[in-house]
Amino acid sequence: MKTIRALAAELQAGQTTSVKLVEQALERIAAYRGQGGAAYVGVNVDRALAAAHASDAARAAGNVPSLLAGLPVSIKDLFDVQGEVTAAGSRVLANAPAAQSDAPAVARLRHAGAVLLGRTNMSEFAFSGLGLNPHYGTPRNPLDVQRVSGGSTSGGAVSVAAGMAVMALGTDTGGSIRIPSAFCGLTGFKPTARRVSLQGAVPLSTTLDSAGPLARSVDCCAIADAILSGATLETDAVPLAGLRFGVTEDVVADGMDDTVRMAFDAALSRLQSAGALIQRFAFPELKELPVINAGGGFSAAESWAWHRRLLDASADQYDQRVAVRIRRGAQQTAADYIDLLAARRRIIAQAKRRLSVFDAWLMPTVPVVPPLLQPLQDSDETFFAINGLVLRNPSVINFLDGCALNLPCPTHNGLPVGISICGLNGDDARILAISRAVEAILPAQQG
């Protein structure tokens, strides 16, 4: 599908209707599901069509609440939608009572006139950067069906990349918006945590969770962010000439494959040609993160607090790869958790000092191209090793309480790669503005 702004213009000009766009999306969803596709776990055809008809009638009467009005969007199966069960990609919640009301983020989309198509598949309880789901099937990468789409917002990414939605609402605890965006050739924005309400969403880590959009462009993400957060930021593109970008080899460059390295270096060269300053710098404190999080970090501790009674009662219904990670939280003491909070404050303070001289920090979103699915299904050892590698770079930003945007980065062989434009807490407007400028100099993906 086209961008939000392009489709909004076509709707306003009478060149299309919400009903046509929704019908087109529903036809694609039906064809995709007919071929065994697993991006959606639930589609409400009647409600979506009714909303589309209502949107067209409202537009005819001059009521257009936002640029997203009348456009089809998907919702990660983590958020409450009134009248629907929030299963969070699990079996254990599949028979839970239906939600009595929309989560605030969902309500904001509905109030803006978006048409909610359905719920998208995900890693169970958002606990993976790869997107595998043994209960409802694994959404395969639409650019190469032998590869994963990334997680945990796997179905959301596929819904946008395959033209089954204009935008997807996702969450990001350690990269769950940015990883699938990078793997599926999309733009994904992880805002500063707490800018978008997570009330009415099943938590993974209350410390690290954030919510945001996966879409086709930076402009799409900015439009969606304003709706989801209720705050319209100044995000006009800024001149690249004279901007200072920090690049570090510490940790985030380890294990980078050749495709990612070539694409990342080519993007840096384009920025330099546009007059931006690229400065390599050391960030040795990042090397402490594996030790700090050796016990499972915030995700294990806080998910254990939420899941412990469910696990006791229904352990056999969990994806065992998820259950084993949650149970790590049972081994953390209160003192361990207090130490974790202190370590986070210390690393954030160091990050503020190191990054203060830069307009943004650049890194490969993920150091490898999307992995092949079969080896991940066959081996727990392979799964956990690759999952850790995929989560490593984006999770740094969550730990630092920052914000970041993934941009698709063209490659020589057509495999999708992402570059992340990163900032710290509250830098959202600047990161979106800079990302617009960077997006403009990156050519379209070849292959």
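Refer to the preceding data block for the structure.
Residues numbered from 1 in each chain as written. Predicted model: local features only at pLDDT ≥ 70, side-chain atom pairs only at ≥ 80, totals over all residues. Heavy atoms only, no water.

A.B. asks: I'm lost on unusual backbone geometry in this one. Help?
C.D. replies: Excluding glycine, residues mostly carry a negative phi; peptide bonds, for their part, are mostly trans. Of note, the amide linkage connecting Gly151 to Ser152 takes the cis form, showing an omega dihedral of 5 degrees. With respect to the element layout, Ser152 can be found in the loop between strand 3 (115-120) and helix 5 (154-161). Positive phi is not limited to glycine here, since Arg194 has a value of about 85 degrees. Among the structural elements, Arg194 can be located in the loop between strand 5 (187-190) and strand 6 (210-215). Overall, the relative accessible area of 56% leaves Arg194 in the exposed class. One non-glycine residue, Val251, lies in the positive phi region at around 65 degrees. (Helix = DSSP H or I, 4+ residues; strand = E, 2+ residues; numbered from the N terminus. Buried < 20%, exposed > 50% of the residue type's maximum accessible area, 1.4 Å probe, protein only.)

A.B. asks: What is the right way to read the sheet that holds strand 8 (residues 277-280) from this model?
C.D. replies: Sheets are built from strands that pair by backbone hydrogen bonding, the pairs being arranged parallel or antiparallel. Strand order in the open sheet formed by eleven strands is 1-3-2-4-6-5-10-11-9-7-8, and the pairing between neighbours is mixed. The sheet is open, and its two edges are formed by strand 1 (40-43) and strand 8, each paired on a single side. Each adjacent strand pair in this sheet contributes to an overall mean axis angle of 25 degrees, direction not counted. Across five bridges, the pairing between strand 2 (residues 72-76) and strand 3 is parallel. (Pairing = 2+ DSSP bridges. Axes fitted to C-alpha atoms, helices over the stretch in contact; angles between N-to-C directions.)

A.B. asks: Mind showing me how you'd approach the packing of helix 4 (residues 104-111) against helix 7 (residues 218-229) here?
C.D. replies: Packed helices, taken two at a time, are described by the angle between their axes plus the distance between the axes. It is at 8 Å that the axes of helix 4 and helix 7 come closest, and there the two elements cross at 115 degrees. Crossing of helix 4 against helix 7: the hand is right-handed. Listed contacts from helix 7 to Ala105, Arg108 and Leu109 of helix 4 are Ile227, Leu228 and Ser229. (Left-handed = near helix turned anticlockwise from the far one by under 90°. Contact = heavy atoms within 4.5 Å.)

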